[in-house]
Amino acid sequence: MEYSTFGRHVAVDAWGVDFEMLNSAEFLQNQMVEAAEACGATVMSVQSKQFEPQGATVLVLLSESHLSIHTYPERGFAAIDCYTCGETVDPQLAIDYLVSVLKPEKTYAKKLVRGLGEMTVETPEMQPLELVK
């Protein structure tokens, strides 16, 4: 079987996010797994680190690649990215899920299209999802 090298990598800087959400590795880990499932990705493993006095990093290893977040609660900032290989999993859906949960005041996003030769950079349209809980 031959696999495509095509992939999409969405990176978002989120500003104006609630301190408590950004300062809980456990909360973020749960949301990251939900985000991965929302985009149809397969979660292989999860690693998280709660920093002192504040901040968290969560890395979700996907069969299709990865989803990550690094937070600076004291600044209301989160750096989020999702890279997926192939055409079946859309990383933008995971990003949209997380933006819907975190509710930042501002977001700045870029999408790299990878694996087709020279990388191209696009500005994705952010679509916060209506979460059903």
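Scoring rules and cut-offs
- Residues numbered from 1 in each chain as written.
- Predicted model: local features only at pLDDT ≥ 70, side-chain atom pairs only at ≥ 80, totals over all residues.
- Heavy atoms only, no water.
- UniProt positions renumbered as here; feature names shortened; annotations may be inferred.
- Helix = DSSP H or I, 4+ residues; strand = E, 2+ residues; numbered from the N terminus.
- Contact = heavy atoms within 4.5 Å.
- Polar contact = N/O pair within 3.5 Å; in protein donor to acceptor, adjacent residues only side chain to side chain.
- Buried < 20%, exposed > 50% of the residue type's maximum accessible area, 1.4 Å probe, protein only.

As recorded by an unreviewed UniProt entry, the chain carries the name S-adenosylmethionine decarboxylase proenzyme and is attributed to Paenibacillus macquariensis. Per UniProt, the comment on the chain under Sequence similarities (unreviewed entry) is "Belongs to the prokaryotic AdoMetDC family. Type 1 subfamily."

K.L.:
So what exactly am I meant to see when it comes to the UniProt feature "active site" (unreviewed entry) in the chain here?
P.N.:
Sites flagged by UniProt as "active site" (unreviewed entry) map to Ser65, His70 and Cys85. Relative to the elements of secondary structure, His70 occurs in strand β4 (residues 65-72). Beyond its immediate sequence surroundings of up to four residues, His70 is in contact with Ala56, Thr57, Leu59, Phe77, Ala78 and Ala79. There is a polar contact of 3.1 Å between the side chain of His70 and the side chain of Thr57. Here Cys85 lies in strand β5 (residues 77-85). If we skip the residues at most four places from it in the chain, Cys85 touches Phe6, Gly7, Glu64 and Ser65.

K.L.:
Explain unusual backbone geometry to me, please; I cannot follow it from the model alone.
P.N.:
Both trends apply: most residues other than glycine have a negative phi, and most peptide bonds are in trans. Cis geometry marks the peptide bond from Glu52 to Pro53; its omega dihedral reads 10°. We note that Ser65 has phi near 155°; this positive angle belongs to a residue other than glycine. Of note, Ser65 is situated in strand β4. If you check the backbone angles, Lys103 has positive phi at about 50° while not being a glycine. Among the structural elements, Lys103 can be located in the loop between α3 (91-102) and β6 (106-114). For Lys103, a relative accessible area of 59% gives the class exposed.

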